[in-house]
Amino acid sequence: MSSINEAFDPEVPAKARSRTYSAAYKARILNEYCSLDKAGKGALLRREGLYTSLVAAWKSQRDRGVTQALAKPVGRPAADGRDKEIARLRVRVERLESDLGKARTVIDVQGKLSALLGRLATDSPPTGSEPTT
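The following refers to the structure shown. (Residues numbered from 1 in each chain as written. Predicted model: local features only at pLDDT ≥ 70, side-chain atom pairs only at ≥ 80, totals over all residues. Heavy atoms only, no water.)

Moving on, we get to the nonpolar core. Counting residues in each nonpolar core, the largest one holds 9 residues, listed as Tyr25, Ile29, Leu30, Tyr33, Leu44, Leu45, Leu50, Val55 and Trp58. Counting only elements with at least two residues in this core, the list comes to helix H2 (23-35), helix H3 (38-48) and helix H4 (52-71). Considering every element that reaches this core, the biggest residue donor is H2, with 4 residues. Beyond its immediate stretch of four places on either side in the chain, leucine 50 contacts Arg19, Tyr21, Tyr25, Ile29, Leu45 and Trp58. (Core = buried A, V, L, I, M, F, W, Y, C linked by side-chain atoms within 4.5 Å. Buried < 20%, exposed > 50% of the residue type's maximum accessible area, 1.4 Å probe, protein only. Helix = DSSP H or I, 4+ residues; strand = E, 2+ residues; numbered from the N terminus. Contact = heavy atoms within 4.5 Å.)

Next up, the structure:
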């Protein structure tokens, strides 16, 4: 048999971990809390291990959230001027890159044509119309 000392660890953690509550839990507790009388509220708090200050803070959070949600303008958010400028500049960059690609192709073709004409000029036999030195 194990003794009581082995099953129970009296050490307290160095740092206490605070409880976290989901939004659904908070909403459920607030709805239930608001529907109860004074005795029922006390019983709910004891059952859940909560304090009235925590419930008051949750009410404040809920009210702030509702106020913030109602303060937001209805509809689509206004477009940011920077977003329009960025889109315009992207289109311009794409067009310039396309023009640059075409210019490089033309330069490449001109270089090959120049090399071909130069080779033809040196390889061709004299026709008699060239100046003599």
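Residues of H3 that are buried: Gly40, Gly42, Leu44, Leu45 and Glu48. Those residues of H3 that are buried are in contact with H2 and H4. In the segment just after H3, glycine 49 is the residue with positive phi, at about 70°.

Summed over the entire model, instances satisfying the criterion amount to 7 salt bridges. The salt bridge involving aspartate 63 is made with arginine 62; its shortest N-O contact spans 3.6 Å. By relative accessible area, which is 43% here, aspartate 63 ends up partly exposed. Overall, arginine 62 belongs to the partly exposed group, its relative accessible area being 34%. Glutamate 85 is paired through a salt bridge with arginine 88; the nearest N and O atoms lie 2.6 Å apart. A residue pair is termed a helical-turn pair when its members lie 3 or 4 positions apart in one helix, as glutamate 85 and arginine 88 do in helix H5 (residues 81-123) at 3 residues. (Salt bridge = Lys/Arg side-chain N within 4 Å of Asp/Glu carboxyl O.)

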